[in-house]
Amino acid sequence: MDAVIEVKDLMKEYIIVKKESGLRGSIKSLLFPKKTKFNGVNGISFSIAPGEIVGYIGPNGAGKSTTIKMLTGILHPTAGSIKVCGISPQADRKAVVRKLGVVFGQRTQLYWDLRLGESFELLRRIYQIDQAAYEENLAILTDVLKLQDFMNTPVRQLSLGQRMRGDIAASMLHSPSVLFLDEPTIGLDADAKHAIRNFIKEINRTRNVTVILTTHDLDDVEQLCSRIIVVNNGKIVEDGPIGSIIHKLTPHRMLVVELQKPCQDLTTPHATVVKQEGLKIWYQFEKESISASELIAALSQKLPIQDISVKEPNVEDAIREVYKTTATV
Ligand SMILES: Nc1ncnc2c1ncn2[C@@H]1O[C@H](COP(=O)(O)OP(=O)(O)O)[C@@H](O)[C@H]1O
Ligand SMILES: [Mg+2]
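Residues numbered from 1 in each chain as written. Chains lettered and ligands numbered in written order. Predicted model: local features only at pLDDT ≥ 70, side-chain atom pairs only at ≥ 80, totals over all residues. Heavy atoms only, no water.

Student: Just to check I follow, could you spell out the overall build of the chain for this structure?
Tutor: When helices and strands are tallied, the chain shows eleven helices and 13 strands. When burial is assessed residue by residue, the chain has 43% of its 329 residues classed as buried. Within the chain, counting contacts between residues at least 6 apart in sequence, those at least 24 apart form 69% of the total. When the accessible surface of the chain is split by element, carbon and sulfur atoms take 51% of a total near 17500 Å². Across the chain, the centroid of the 41 positively charged side chains sits 9 Å from that of the 38 negatively charged ones. (Helix = DSSP H or I, 4+ residues; strand = E, 2+ residues; numbered from the N terminus. Buried < 20%, exposed > 50% of the residue type's maximum accessible area, 1.4 Å probe, protein only. Contact = heavy atoms within 4.5 Å. Areas by Shrake-Rupley, 256 points an atom, 1.4 Å probe, with all protein chains shown as cover. Lys, Arg positive; Asp, Glu negative; His and termini not counted. Charge placed at Lys NZ, Arg CZ, Asp CG, Glu CD.)

Here's what the structure looks like:
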């Protein structure tokens, strides 16, 4: 199947003015600015198939928002090519925008002075959305995002979570086939997060909408994304199915054992004691060299065990590994 998003060797160069310290320095920087170039996105390529939900993740300043801004036509790339639904956002922004929904968690496209419902109506007129499609979409969005209680509330009075749900609805009124969400759950309460995650699953399942999600919330990633692209310093450091990235980055497993009474010799082959708190012992082992059940069998031969649990690594552990291995000064 043809890719819905195709990105090749994408680069964005920013010019930054280096400020010098002190008053004299500030004046000097103002009169004779020292400009340096820096690549916010530094040669990124990927391809996304219709219906994928991709987590685009990485530390602050990695280049996530810059990528999304280029994909949605807000920023022009310095080099490289982009195709969204076969169209270049640079060549024909209007055509691309019709296919896209975009939500930036930190900004809103709603109108502060209007009620939420009126904001939607205004957007319908501005974007000339077909009335029947609009009504059908609005009904579904109201239901899945649970907007009914505040449809008549002025946007300025909405809580952050309500506003975000409103913003996501606004981005979907024109039935886009691709949805970009930049930090959609940042600062939200559990209810709003739940509604948003549910909504993403729903539009993906029922309409095959492709979703690109940047987030700091690894629960979002774990619950929604089948694939993750990890960026750091403007480059892709990992791209693949979430399970295999976790597996690749975290070969270690942890077995937590609680003893009935203190013991002198805790050693066992194929596992290392990495932590001890009273009667609780943390054994680290590699899945490749011993299975959890073999290790449990070996330990229970030797130690009076009260309780035992295996800790599987999660996305958070895997991502921490990525940051560790790619951190630069
Ligand atoms: N308008 C800009 N001018 C100069 N530098 C920028 C600008 N926008 C972003 N940057 C820099 O580019 C890098 C990537 O930024 P961004 O894409 O916002 O990262 P992320 O969204 O992953 O946190 C950061 O170092 C950021 O400071
Ligand atoms: Mg960002």
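Once you've had a look at it, read on.
Student: I would appreciate a short explanation of the pairing of strand S8 (residues 227–232) in the present structure.
Tutor: Moving residue by residue along a regular strand, the side chains alternate between the two faces of the sheet. The buried count for S8 comes to six of six residues, which makes it a mostly enclosed element. Taking every second residue as pointing to the same face, both faces of S8 are buried, with Arg-227, Ile-229 and Val-231 on one and Ile-228, Val-230 and Asn-232 on the other. Where S8 hands over to strand S9 (residues 235–241), the hairpin turn is made up of two residues, of which Asn-233 adopts a positive phi near 50°. (Pairing = 2+ DSSP bridges.)

Student: Quick question: what am I supposed to make of unusual backbone geometry here?
Tutor: The bulk of non-glycine residues show a negative phi, and the bulk of peptide bonds are trans. The backbone of Ser-175 sits at a positive phi, close to 50°, despite the residue not being glycine. Inspection of the secondary structure assignment puts Ser-175 in the loop between helix H6 (160–172) and strand S6 (178–182). A relative accessible area of 37% places Ser-175 in the partly exposed class. Within the chain, Asn-208 stands out as a residue other than glycine whose phi angle is a positive 55°. Relative to the helices and strands, Asn-208 resides in the loop between helix H7 (190–207) and strand S7 (210–214). Asn-208 gets classed as partly exposed once you look at its relative accessible area, which sits at 42%.

Student: Just checking my understanding: could you explain the nonpolar core for this structure?
Tutor: In summary, soluble globular proteins display a tendency toward joint burial of nonpolar side chains. Counting residues in hydrophobic clusters, the biggest one holds 49 residues, and the most contacted among them are Phe-120, Phe-199 and Ile-228. Dropping the residues within four chain positions of it, Phe-120 is found in contact with Leu-110, Tyr-134, Leu-138, Leu-147, Met-151, Gly-166, Ala-169, Ala-170 and Leu-173. Among the nonpolar cores identified, the runner-up in size contains 26 residues, and Ile-48, Tyr-56, Val-178 and Ile-229 belong to it. (Core = buried A, V, L, I, M, F, W, Y, C linked by side-chain atoms within 4.5 Å.)

Student: Help me understand the domain arrangement of the chain in this model?
Tutor: Interfaces are often described in size by the accessible area the parts lose on coming together. When cut into domains, the chain gives domain 1 (5–247) and domain 2 (251–312). The gap between the C-alpha centroids of domain 1 and domain 2 is 44 Å. (Domains from an automatic or database assignment.)

Student: Help me understand the pattern of salt bridges, please; the structure alone is not making it clear to me.
Tutor: When the charged atoms of two side chains with opposite charge come close together, those side chains can pair. Per the stated rule, a full pass over the model turns up 14 salt bridges. Among the salt bridges present, the one from Glu-118 reaches Arg-115, with a minimum N-O distance of 3.7 Å. With a relative accessible area of 36%, Glu-118 lands in the partly exposed category. Among the ionic pairs, Asp-217 bridges to Lys-193, the shortest N-O distance being 2.8 Å. With a gap of 24 residues between them, Asp-217 in the loop between S7 and helix H8 (218–224) and Lys-193 in helix H7 connect regions that are remote in the sequence. Asp-217 sits in the buried class, given a relative accessible area of 15%. Through salt bridges with shared partners, a single network forms among Lys-193, Arg-197, Asp-217 and Asp-220. (Salt bridge = Lys/Arg side-chain N within 4 Å of Asp/Glu carboxyl O.)

Student: Just to check I follow, could you spell out the packing of helix H4 (residues 116–126) against H6 for this structure?
Tutor: Each packed pair of helices is defined by two parameters, the angle between the axes and the distance between the axes. Running from N to C, H4 and H6 cross one another at 20°; their axes reach a closest spacing of 10 Å. By the criterion of interaxial angle, the relationship of H4 to H6 is roughly parallel. With respect to the hand of their crossing, H4 and H6 are arranged in right-handed fashion. Contacts between H4 and H6 involve Leu-116, Phe-120 and Leu-123 from the former and Gly-166, Ala-169 and Ala-170 from the latter. In terms of residue class, the contact of H4 with H6 is made up of five nonpolar, one polar and no charged. (Axes fitted to C-alpha atoms, helices over the stretch in contact; angles between N-to-C directions. Parallel < 35°, antiparallel > 145°, perpendicular 65-115°, else oblique. Left-handed = near helix turned anticlockwise from the far one by under 90°. Nonpolar A, V, L, I, M, F, W, Y, C, P; charged D, E, K, R; others polar.)

Student: For this particular structure, what's the right way to read the side chain of Arg-124?
Tutor: Within the element layout of this structure, Arg-124 appears in helix H4. A residue is classified by how much of its surface remains accessible, and Arg-124, at 15% relative accessible area, is buried. The residues contacting Arg-124, other than those within four sequence positions of it, are Ile-129, Gln-131 and Tyr-134.

Student: Would you mind showing me how to read the sheet that holds strand S2 (residues 34–48) here?
Tutor: Remark on secondary structure: sheet strands pair via backbone hydrogen bonds, oriented parallel or antiparallel. A sheet is described by the order of its strands in space; here three strands give the open sequence S2-S1-S4, paired in antiparallel fashion. Each edge of the open sheet is held by one strand with a lone partner, namely S2 and strand S4 (79–84). If you compare each strand with its neighbour and ignore which way they point, the axes differ by 30° on average. Both strand S1 (residues 5–18) and S4 contribute to a ladder of five bridges, which runs antiparallel. Bridge assignment links Glu-6 to a residue of S4, and that residue is Lys-83.

Student: Explain the site of ligand 1 to me, please; I cannot follow it from the model alone.
Tutor: By nearness alone, every residue bordering ligand 1 is listed as Tyr-14, Ile-16, Phe-38, Gly-40, Pro-59, Asn-60, Gly-61, Ala-62, Gly-63, Lys-64, Ser-65 and Thr-66. Interatomic distance of 3.2 Å between a backbone N/O atom of Ala-62 and an oxygen atom of ligand 1. Between ligand 1 and Lys-64, the relevant distance is 2.8 Å, taken from an oxygen atom to a main-chain nitrogen or oxygen of the residue. In the complex, 63% of the free accessible area of ligand 1, which totals 560 Å², lies under the protein chains. Secondary structure elements with two or more residues in the shell around ligand 1: S1, S2 and helix H2 (64–71). No other element matches the three residues that H2 contributes to the shell around ligand 1. Of the residues in the shell around ligand 1, the class split is five nonpolar, six polar and one charged. (Near = heavy atom within 4 Å. Polar contact = N/O pair within 3.5 Å; in protein donor to acceptor, adjacent residues only side chain to side chain.)

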